[in-house]
Amino acid sequence: MRALVIDDSRTMRRIIVGVLTALGFETVEAADGRQALDVLEQGIEVDLACIDWNMPVMNGLEFVVAVRERKDWRGVTLMMVTTESEHGQIVRALAAGAHEYMIKPFTPDAVKEKLQLLGLVEIEELV
Amino acid sequence: MSMQVDTTAFAGTDPVYVIAEEVFSSMIDGEPGFLRHWDGDPPPIVDAMHAWVDVHGATNGRVLLSTERSTADDLARALLQMGPTEPVSDEDFADALGEVANIVGGNVKALVPDPGVLTLPQVTHERPHTDPEALIYELPLDWRGSLVVIGLWRLL
């Protein structure tokens, strides 16, 4: 599995990359939506994109819309990871095509649970 | 900024404190118990660093986080999971402190009726201009014995 981590904050990218790496993902980073589109246009295949909302150049919502306009990128699971926590913003992101929504702050376990719900991380069976 | 914070969702608990506690416990300390209300009058912050985000829209306001440089360094190290004496680059320092302000500010924005757009975070040594009469609320916090102040300001 490969994940594209899109956030203008180096700190947040580092945190998310750390969580995803521990869950077995390879990661690619982008500092805004435009850079992330460049990654996809280079043909780098990703299974998951973790997307901040507020970023310079191209924000996360614009990125989601751009990805959803391309048939060949339909296999990418889109998860917003953002401080935008109002109900209206969540609805906007999901309506635009995001699959899941995670509000900062988060814990590594919360990320894991979301990815399990999305079928990107196996659910451990209790022995 | 008409920043009437809805406290009902938090059963009467200070919602800004609840947000700060969640940010620190989940992303900085990895566990609760290291952040509490400052006991007594907070001292002036020496060698201060300030990080803030603004909300622009039907309401205009600023969420400002202030602390001593050494505490800000510790915050950055904790957030970046670095060692206690590991040097923090200026770029990592500004980015980490700005992200703390961004997360706190974004969650405070959600408490405000009809919120607007959140700006990108800024970090400076000099305190940003705020009209003293525009202070809505100030929360002095004790993080591992060091003072961290979160202020909500009306932008005039």
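Preceding this paragraph is the structure being described.
A. Examining the overall build of chain B more closely. Looking only at helices and strands, chain B has three helices and seven strands in total. Its helices and strands in sequence order give chain B the pattern α-β-β-β-α-α-β-β-β-β, from N to C terminus. Referenced to the eigenvectors of the C-alpha coordinate spread, the extents of chain B come out at roughly 45 × 35 × 30 Å. Within chain B, the fraction of its 156 residues that count as buried is 40%.

B. Up close: the overall build of chain A. Of the regular secondary structure elements, chain A holds five helices and five strands. Helices and strands in chain A line up, N terminus first, as β-α-β-α-β-α-β-α-β-α. When the backbone C-alpha atoms are referred to their principal axes, chain A occupies close to 45 × 35 × 30 Å. For chain A, buried positions account for 40% of its 127 residues. Of the contacts made within chain A by residues no fewer than 6 positions apart, 57% connect residues no fewer than 24 positions apart.

C. Spatial organisation of the environment of Thr82 of chain A. Residue and element names in this part refer to chain A. Along the chain, Thr82 turns up in strand β4 (residues 77-82). By the C-beta count within 10 Å, which is 29 here, Thr82 ends up buried. For the pair Thr82 and Glu100, spaced 18 residues apart in sequence, the C-alpha separation works out to 11 Å. The residues touching Thr82, leaving out its near neighbours within four places in the chain, are Asp52, Trp53, Gly60, Ile103 and Lys104.

D. Molecular detail of the nonpolar core. By size, the foremost hydrophobic cluster in this structure holds 41 residues, and its most contacted members are Leu97, Val100 and Val104 of chain B. No other element matches helix α3 (residues 90-109) of chain B, which puts nine residues into this core. Among the nonpolar cores identified, the runner-up in size contains 33 residues, and Ile15, Ala36, Ala49 and Leu120 of chain A belong to it.

E. A look at the interface of chain A and chain B. Across the contact, 15 residues belong to chain A and 18 residues belong to chain B. The residue makeup of the side of chain A that touches chain B, split by class, is four nonpolar, six polar and five charged.

F. Molecular detail of the packing of helix α2 (residues 69-79) of chain B against α3 of chain B. Residues and elements named next belong to chain B. Put simply, α2 and α3 touch, their axes get as near as 9 Å, and they point 85° apart. With respect to their mutual orientation, α2 and α3 come out roughly perpendicular. Every residue of α3 that contacts α2 at Ala72, Asp73, Leu75, Ala76 and Leu79 is listed here: Asp92, Phe93, Ala96, Leu97 and Val100.

G. Layout of the packing of helix α1 (residues 10-22) of chain A against α3 of chain B. Following both chains from N to C, one finds α1 of chain A and α3 of chain B inclined at 80°, their axes separated by 7 Å at the closest point. In this view, α1 of chain A runs roughly perpendicular relative to α3 of chain B, as classed from their interaxial angle. Mapping the contact onto sequence places Arg10, Thr11 and Met12 of chain A in α1 of chain A and Asp92, Asp95, Ala96 and Glu99 of chain B in α3 of chain B. Grouping the constituent residues of the contact of α1 of chain A with α3 of chain B by class yields two nonpolar, one polar and four charged.

Thresholds, definitions, all that
Residues numbered from 1 in each chain as written. Chains lettered and ligands numbered in written order. Predicted model: local features only at pLDDT ≥ 70, side-chain atom pairs only at ≥ 80, totals over all residues. Helix = DSSP H or I, 4+ residues; strand = E, 2+ residues; numbered from the N terminus. Buried ≥ 20, exposed ≤ 12 C-beta atoms within 10 Å, placed from the backbone. Contact = placed C-beta atoms within 7 Å. Core = buried A, V, L, I, M, F, W, Y, C linked by C-beta atoms within 7 Å. Nonpolar A, V, L, I, M, F, W, Y, C, P; charged D, E, K, R; others polar. Axes fitted to C-alpha atoms, helices over the stretch in contact; angles between N-to-C directions. Parallel < 35°, antiparallel > 145°, perpendicular 65-115°, else oblique.

Read these as spatial facts, not as claims about activity.
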